[in-house]
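A look at the structure
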Amino acid sequence: MERTYKTKLKRNDQVMVIAGKDKGKTGRILRIDLKNGRAVVEGVNMVKKAQRRRSQQDQGGIIELEAAIELSNLMAVTKDGRPSRIGLEFENGRKVRVLKKTGEQI
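To keep things clear, this report deals only with the structure shown in the data block. (Residues numbered from 1 in each chain as written. Predicted model: local features only at pLDDT ≥ 70, side-chain atom pairs only at ≥ 80, totals over all residues. Heavy atoms only, no water.)

Applying the stated criterion across every chain yields a total of seven salt bridges. Residue K48 pairs with E64 through a salt bridge whose shortest N-O separation is 3.6 Å. Taken as a pair, K48 in strand 4 (residues 46-51) and E64 in strand 5 (residues 61-66) lie far apart in primary sequence, 16 residues in all. Among the residues examined, K48 registers a relative accessible area of 62% and is labelled exposed. Given a relative accessible area of 49%, E64 falls into the partly exposed group. With a shortest N-O distance of 3.6 Å, E104 and K79 are connected by a salt bridge. Residue E104 is located in the segment after strand 10 (94-99), and its partner K79 is located in the loop between strand 7 (74-77) and strand 8 (83-84); the two are separated by 25 residues in the primary sequence. Residue E104 is classed as partly exposed on the basis of its relative accessible area of 22%. (Salt bridge = Lys/Arg side-chain N within 4 Å of Asp/Glu carboxyl O. Helix = DSSP H or I, 4+ residues; strand = E, 2+ residues; numbered from the N terminus. Buried < 20%, exposed > 50% of the residue type's maximum accessible area, 1.4 Å probe, protein only.)

Here it is as structure tokens:
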């Protein structure tokens with residue numbers, strides 16, 4: 001049986017890394033992989049990768065790109081840059097995500 005992770009974080013959310021080598025860095029979520037419980041965050045967890053030339057005009061060599069990071073190491077960020085948990089509230093019969101620290105909607 002495959003396990004899928006549940007998260008209140010979504011694509012394009014502004015998040016902060018709360019653990020690991022990039023602790024304290026913030027960025028925007030580019031992709032989420034719920035099957036493995038990981039996300040790719042813009043400018044965080046950069047790794048170097050050797051890339052082969054695909055055509056005559058294409059540039060080969062070593063490139064830097066973002067690697068996936070565990071969802072448990074990410075937290076949503078408030079407007080003033082502090083990390084906060086996410087809660088759910090009902091507004092006009094719709095579920096909306098709110099930041100626990102400030103109460104602002106995401």
